[in-house]
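Descriptive structure summary
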Amino acid sequence: MWLAGNSIGKEFTVTSFGESHGKIIGVIIDGCPAGLQLSEADIQPELDNRIPRQPKIVSARIEKDIVKILSGVFNGFTTGAPICMIVENKEADSSEYDAIRNLPRPGHADYTSWKKYGGFGDFRGGGRFSGRATVALVMAGAVAKKLLRKYDVDVLAYTSSIGKVKLERQKTYEETNKNRFENAVRCPDTSCAGEMETAIIEARKQGDSLGGIIEVLIMNVPPGVGEPLFDGLDADLAKALFAIPAVKGVEFGAGFKVAELKGSENNDDFRGHEGEISTLSNNAGGVLGGISTGMPIIARIAIKPTPSIAKKQRTVNLATMEDASISVKGRHDPCIVPKAVPAVESVVAITLADHMIRTGLIQRVLEKEHE
Ligand SMILES: Cc1cc2nc3c(=O)[nH]c(=O)nc-3n(C[C@H](O)[C@H](O)[C@H](O)COP(=O)(O)O)c2cc1C
């Protein structure tokens, strides 16, 4: 049994389509307010930034993804109709996939999708389960970011650990914003970034892969955003983040550490200043009761090590049902984290745009602009 599950959002809805080795990857946004100035030039830089240009730490499949906006934009402005955007897949190489067609890769979705779709799924390059599906998220994320900028909301994601290499000193917002895309691993600390790169290269040499943690910082979300109970802001952000392949954990603020703290240590005391209320600490990570507090929203996302590795692993041949072994060749990322950073920013922006449209905040700014 299967049901549709490729759309997210209530007012700003995003539907992703396309497979890794199919003709295109595409996205449809329904519910983008009319009157937003938009062209391919707003989307293309986000796509250009999706893959770090460092062949030693990413898969050899590096495509120049060129976005085409097919609908929903007229005379340079969104019309209020669905926006359809696509990129063509040009660099697909399916040659390595026929050999392992019946050998589900441990850690990948090959086995579960084979079971669910009865073998009809497009297995080439991971099909719908490929990291390439994040191209759709990045395109929609670019539109969402443009909407959020109307309200000065800023979303910054960066790598905070890879394997055992951790970003020790917390960087300021300014440092993070300036430095995170200055290196291939997307870490705001240059010397730490060097160590992370070395760790990835070492893992790849051993036929292995590494995981890591991405941190995301969301600035200037006003208090009051989020729709409890089931559409709380943290709940919807977590749902969107878990749609990124390889995400295995999401925590907000002090996260799993809250379990060790006393209430007096964990609670964020309030303070008033010039008619505004803020908190003295931010263990809540900017959300209380599913509603934004007005403090920065902080989340950490755990990414697992890439499943496709050259090291020999055990599997089962689906044609014969006999035990078998697999060593995955082809073009794979030895670490997913650097490429997942733009995907994290995108789904966070999509979720926030949806919620801020639900509260009416973004429409009000756009209406004012066109008065
Ligand atoms: C940007 C990105 C790139 C990825 N690249 C690869 C890859 O090269 N090889 C691979 O086996 N998995 C890769 N993955 C991870 C798989 O898509 C993912 O592990 C798989 O679909 C199973 O889903 P799950 O890990 O969420 O359970 C990538 C994921 C992302 C987000």
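Everything numeric here is computed off the predicted structure, so don't read it as measured data.

Quick notes on the rules
- Residues numbered from 1 in each chain as written.
- Predicted model: local features only at pLDDT ≥ 70, side-chain atom pairs only at ≥ 80, totals over all residues.
- Heavy atoms only, no water.
- Near = heavy atom within 4 Å.
- Polar contact = N/O pair within 3.5 Å; in protein donor to acceptor, adjacent residues only side chain to side chain.
- Areas by Shrake-Rupley, 256 points an atom, 1.4 Å probe, with all protein chains shown as cover.
- Nonpolar A, V, L, I, M, F, W, Y, C, P; charged D, E, K, R; others polar.
- Helix = DSSP H or I, 4+ residues; strand = E, 2+ residues; numbered from the N terminus.
- Contact = heavy atoms within 4.5 Å.
- Axes fitted to C-alpha atoms, helices over the stretch in contact; angles between N-to-C directions.
- Parallel < 35°, antiparallel > 145°, perpendicular 65-115°, else oblique.
- Left-handed = near helix turned anticlockwise from the far one by under 90°.
- Expected span 1.5 Å × (residues − 1).
- Buried < 20%, exposed > 50% of the residue type's maximum accessible area, 1.4 Å probe, protein only.
- Arc of directions from axis to C-beta.
- Pairing = 2+ DSSP bridges.
- Salt bridge = Lys/Arg side-chain N within 4 Å of Asp/Glu carboxyl O.

Notes on the site of the ligand
- With respect to spatial proximity, 15 residues lie near the ligand, and among them Phe 129, Ala 246, Lys 304, Ser 308 and Asp 333 are the closest.
- Taking Lys 304, its side chain carries an N or O atom lying 2.7 Å from an oxygen atom of the ligand.
- Residue His 332 places a side-chain N or O atom 2.9 Å away from a nitrogen atom belonging to the ligand.
- Starting from 630 Å² of accessible surface for the ligand in isolation, the protein chains cover 88%.
- Its residues placed into classes, the shell around the ligand shows 7 nonpolar, 5 polar and 3 charged.

Observations concerning the environment of Ile 326
- Counting through the fold element by element, Ile 326 comes out in strand β18 (residues 323–326).
- Measuring from C-alpha to C-alpha, the distance between Ile 326 and Ser 308 comes to 9.7 Å, with 18 residues separating the pair along the chain.
- Every residue in contact with Ile 326, bar those within four places of it in the chain, is listed here: Ile 100, Leu 103, Arg 105, Pro 106, Lys 311, Lys 312, Gln 313 and Thr 315.

A word on the packing of helix α1 (residues 40–48) against helix α4 (residues 134–149)
- Interaxial distance between α1 and α4 falls to 9 Å at its minimum, and their mutual angle equals 130 degrees. On the basis of the axis angle, α1 is oblique to α4. When the axes of α1 and α4 are compared, the crossing they make is right-handed. Along the contact surface, α1 presents Asp 42, Ile 43, Glu 46 and Leu 47, while α4 presents Val 135, Val 138, Met 139, Ala 142, Val 143, Lys 145 and Lys 146.

A word on α4
- A rise of 1.5 Å per residue sets the reference length of α4, with its 16 residues, at 22 Å; its end C-alpha atoms lie 22 Å apart and thus fit the reference within 8%.
- Along α4, 15 of the 16 residues are buried, which leaves the element largely enclosed by surrounding structure.

With respect to α1
- Taken together, the buried positions of α1 are occupied by Ile 43, Gln 44 and Leu 47. Down the axis of α1, the sector holding all buried residues measures 105 degrees, keeping them to one side.
- On the buried face of α1, the contacting elements are β4 (68–71), β7 (83–88) and α4.

Structural notes on the packing of α4 against helix α9 (residues 337–358)
- As a packed pair, α4 and α9 sit with axes 7 Å apart at the nearest point and diverge in direction by 50 degrees. Taken together, α4 and α9 sit at an angle that is classed as oblique. The handedness of the crossing between α4 and α9 is left-handed. On α9, the residues touching Thr 134, Leu 137, Val 138, Ala 140, Gly 141, Ala 144, Lys 145, Leu 147 and Leu 148 of α4 are Pro 342, Ala 343, Glu 345, Ser 346, Val 347, Ala 349, Ile 350, Leu 352, Ala 353, Met 356 and Ile 357.
- Class assignment of the residues belonging to the contact of α4 with α9 gives a composition of 15 nonpolar, 3 polar and 2 charged.

Digging into the environment of Cys 335
- With respect to the helices and strands, the residue Cys 335 is situated in the loop between β18 and α9.
- Residue classification places Cys 335 among the buried residues on the basis of a relative accessible area of 2%.
- Remark: the alpha-carbon pair of Cys 335 and Val 185, spanning 150 residues in sequence, is separated by 9.3 Å.
- Once residues lying within four places of it in the same chain are set aside, the contact partners of Cys 335 are Ile 57, Ile 162, Ile 200, Leu 210, Gly 211 and Thr 306.

As for the pairing of strand β17 (residues 313–316)
- Alternating positions in β17 separate cleanly, Gln 313 and Thr 315 being buried on one face and Arg 314 and Val 316 remaining unburied on the opposite face.
- Examined bridge by bridge, β17 and β18 share 4 bridges and lie antiparallel to one another. When the sheet's bridge partners are listed, Arg 314 is paired in β18 with Ser 325.
- Connecting β17 to the antiparallel partner β18 that follows it, the hairpin turn spans 6 residues, and Met 321 within it adopts a positive phi of roughly 65 degrees.

Overview of the sheet that holds strand β1 (residues 7–8)
- The sheet built from 5 strands is open, its strands ordered β1-β2-β3-β7-β4 with antiparallel pairing. Every interior strand has two partners, whereas the edge strands, β1 and β4, have only one.
- Bridging between strand β2 (residues 13–18) and strand β3 (residues 24–30) involves 6 bridges; their strand directions are antiparallel. Paired with Thr 15 across the two strands is Ile 28, which belongs to β3.
- Sheet strands touched by α4: β2, β3 and β7. Its angle to β3, the strand with the most contacts, is close to 35 degrees.

Quick notes on the pattern of salt bridges
- On inspection of all chains with the given rule, the structure shows 21 salt bridges.
- Salt-bridge contacts for Asp 231 lead to Lys 10; the nearest nitrogen and oxygen are separated by 2.6 Å. Placement of Asp 231 in the loop between β10 (212–219) and α7 (233–242) and of Lys 10 in the loop between β1 and β2 is noted, with a sequence separation of 221 residues between them.
- Residue Lys 10 is classed as exposed on the basis of its relative accessible area of 54%.
- In this structure, the salt-bridge partner of Lys 311 is Asp 208, at a minimum N-O distance of 3.3 Å. A residue pair is termed long-range when its members are at least 10 positions apart, and Lys 311 in the loop between β16 (297–303) and β17 and Asp 208 in the loop between α6 (190–205) and β10 qualify at 103 residues.
- Residue Lys 311 is classed as partly exposed on the basis of its relative accessible area, which comes to 40%.
- Three or more residues joined by partner-sharing salt bridges are found here, namely Lys 10, Asp 231, Asp 236, Asp 354 and Arg 358.

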